[in-house]
Amino acid sequence: MTRAIVLDIEGTTSPTDAVRTDLYGYTSAHLPTWLSENTDGTADSVLTATRDLAGEPDAGPDRVAEILRGWLESDVKAEPLKTAQGAICAQGFRAGALHGRFFDDVAPALKAWHANGLQLFVYSSGSERNQRDWFTFADAGDLSGLIVDHFDLVTAGPKREPSSYESIADRIGVPPPDILFLSDHPDELDAAVTAGWQVVGVHRPGEPNPPRPPHLWVSSFADIDPRFAPD
């Protein structure tokens with residue numbers, strides 16, 4: 001019997017294009033100004049961490065913005081990039097320039113599962129800050145109250161490593177066999193299975209990751225009955 005559902009975002013709850021175009025595009029456009037004008041110390045930490053990772057200790061703000069944009073375009077999961085993206089997009093969400101975009105079947109399913117007593121969590125490569133805003137400022141209305149907690153690469157670890165799923169299970173206090181993970185990426189499903197979780201693959205038309213055995217795959221959350229573990 002499933003007690004908790006852990007959700008991937010990109011390609012699973014939301015179109016890949018929504019994340020790559022909306023969040024990545026907004027971050028890229030605002031990086032230089034944010035690095036130059038941010039006054040709360042976050043930009044300074046991003047500048048320092050980026051210089052260290054890139055091996056360019058004398059890089060100025062414009063060069064750091066160029067490095068971060070390169071990582072963004074290559075989908076490099078670097079911590080200073082995630083920090084900058086979280087802070088920049090937080091401003092965009094609150095200014096009304098950004099909204100969390102979800103597939104039409106997602107909000108009704110999340111509300112039904114929540115009403116039936118299931119605990120819902122999110123585990124995504126995007127920063128926890130961006131995740132929370134994605135659900136809070138959703139185009140379907142505020143969905144944040146449905147989610148118990150969020151995990152990212154910093155707080156849980158890489159998504160293709162079984163140890164990350166073991167860590168999440170320990171933190172949420174639910175036995176691995178009672179956790180259902182929904183993702184569009186076969187390697188992530190493999191890692192979760194190794195950690196003892198249930199999994200269902202989600203493959204939607206137009207999304208890049210093709211289904212792969214031996215996992216069960218669906219094209220809509222409406223096709224998932226979380227009351228029973230998948231075969």
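Above this text you will find the structure in question.
Residues numbered from 1 in each chain as written. Predicted model: local features only at pLDDT ≥ 70, side-chain atom pairs only at ≥ 80, totals over all residues. Heavy atoms only, no water.

A closer look at the nonpolar core
Generally speaking, soluble globular proteins have nonpolar side chains that are buried together. Leu35, Trp113, Leu182 and Phe221 are the most contacted members of the largest nonpolar core, which has 52 residues in total. At 8 residues, helix 1 (residues 16–37) tops the list of elements feeding residues into this core. Apart from the residues within four sequence positions on either side, Trp113 is in contact with Ile5, Leu7, Leu118, Leu120, Leu182, Phe221, Ile224 and Pro226. (Core = buried A, V, L, I, M, F, W, Y, C linked by side-chain atoms within 4.5 Å. Buried < 20%, exposed > 50% of the residue type's maximum accessible area, 1.4 Å probe, protein only. Helix = DSSP H or I, 4+ residues; strand = E, 2+ residues; numbered from the N terminus. Contact = heavy atoms within 4.5 Å.)

Looking at the packing of aromatic side chains
Within this structure, the stated rule accounts for 10 aromatic pairs. Judged by centre distance (5.3 Å) and plane angle (65°), the ring pair of Tyr165 and Phe181 falls under edge-to-face. Of this pair, Tyr165 sits in helix 7 (residues 162–172) while Phe181 sits in strand 4 (residues 179–183), and the two are 16 residues apart along the sequence. Under the relative-accessibility criterion, Tyr165 is labelled buried at 0%. We classify Phe181 as buried; its relative accessible area is 0%. (Phe/Tyr/Trp six-rings, centres within 6.5 Å; stacked < 30°, edge-to-face > 60°.)

Quick look at the packing of helix 1 against helix 4 (residues 79–94)
At a minimum axis separation of 9 Å, helix 1 and helix 4 run at an interaxial angle of 100°. Of the possible angle classes, the one that applies to helix 1 and helix 4 is roughly perpendicular. Note on element contacts: helix 4 touches helix 1 through Lys82, Ala84, Gln85, Ala87, Ile88, Cys89, Gln91, Gly92 and Phe93, opposite Leu23, Tyr24, Tyr26, Thr27, His30, Leu31 and Trp34. Its residues placed into classes, the contact of helix 1 with helix 4 shows 10 nonpolar, 5 polar and 1 charged. (Axes fitted to C-alpha atoms, helices over the stretch in contact; angles between N-to-C directions. Parallel < 35°, antiparallel > 145°, perpendicular 65-115°, else oblique. Nonpolar A, V, L, I, M, F, W, Y, C, P; charged D, E, K, R; others polar.)

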